[in-house]
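# Coordinate inspection notes
This is what each chain is made of:
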Amino acid sequence: MDDILDYIKSFGLSGTTIRKQIISFLWGDGVALTQKEIEERLPGDSDRVTLYRTLKLFTEKGIVHKIVIDEATQKYKLAGRFRKSDHAHFYCIQCHKILCMPQLNVDLKGLPTGFLFQSSRVVVEGICDFCASKQKV
Ligand SMILES: [Zn+2]
Ligand SMILES: [Zn+2]
């Protein structure tokens, strides 16, 4: 739990119970959950509005990256060491793992003069190395 608290604090936020709970669910490589999946993991007495507000705050602060898979599915994943959400994400269509792809950056130089960048929603779909290796067997 210390790592989780340090992570939250490194973004200048205090570690409330629900914040620590949410981060602990998202902890780990490739883990990405929808708001509903996070809600299901929270204790029954948790407040949905607080969850909604916390995810909004986390997204604004760059603690999590919000990944839009389609209109119905938005997943949250820890930003980890990639603090800026200006990159594409890889989505494995088999195990639903999501990875940050900072090497695939949105080229902001292509933005017309006077336009301001807000966020990008580039998702690369495919099969991850783990799932691909299973297919060969
Ligand atoms: Zn996979
Ligand atoms: Zn990311």
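Described in the following lines is the structure provided in the data block.

About the criteria used
Residues numbered from 1 in each chain as written. Chains lettered and ligands numbered in written order. Predicted model: local features only at pLDDT ≥ 70, side-chain atom pairs only at ≥ 80, totals over all residues. Heavy atoms only, no water. Core = buried A, V, L, I, M, F, W, Y, C linked by side-chain atoms within 4.5 Å. Buried < 20%, exposed > 50% of the residue type's maximum accessible area, 1.4 Å probe, protein only. Helix = DSSP H or I, 4+ residues; strand = E, 2+ residues; numbered from the N terminus. Contact = heavy atoms within 4.5 Å. Pairing = 2+ DSSP bridges. Axes fitted to C-alpha atoms, helices over the stretch in contact; angles between N-to-C directions. Phe/Tyr/Trp six-rings, centres within 6.5 Å; stacked < 30°, edge-to-face > 60°.

### Focus on the nonpolar core
With 20 residues, the main nonpolar core has Ile-22, Ile-23, Leu-26, Ile-38 and Ile-63 as its most contacted residues. Secondary-structure elements contributing two or more residues to this core are helix H1 (2–9), helix H2 (17–26), helix H4 (48–61) and strand E3 (73–78). Take this core: its biggest share by element is four residues, from H2. Among residues more than four places away in sequence, those in contact with Ile-22 are Ile-38, Leu-51, Thr-54, Leu-55 and Phe-58.

### Focus on the sheet that holds strand E6 (residues 123–126)
In spatial order, the strands read E5-E4-E6; together these three strands make up an open sheet with mixed pairing. Whereas interior strands pair on both sides, the edge strands pair on one side only; in this sheet they are strand E5 (98–105) and E6. Across the sheet, the mean angle from the axis of one strand to that of its neighbour is 30°, orientation sign disregarded. As paired elements, strand E4 (residues 87–92) and E6 share four bridges and run parallel to each other. Its bridge partner being in E6, Cys-92 is matched across the sheet by Gly-126.

### Regarding the packing of aromatic side chains
Enumeration according to the criterion identifies two aromatic pairs in this entry. Considering the side-chain rings of Tyr-7 and Phe-11, the 5.1 Å spacing of their centres and the 75° angle between planes classify their relative orientation as edge-to-face. The same class applies to Tyr-7 as to Phe-11, namely buried. Ring plane angle 85° and centroid distance 5.9 Å describe the contact between Tyr-7 and Trp-27, whose orientation is recorded as edge-to-face. In this pair, Tyr-7 sits in helix H1 while Trp-27 sits in the loop between H2 and strand E1 (33–34), placing the two residues 20 residues apart along the sequence. Accessibility expressed as a relative area gives 38% for Trp-27, which makes it partly exposed. What links up through ring pairs into an aromatic cluster is the set Tyr-7, Phe-11 and Trp-27.

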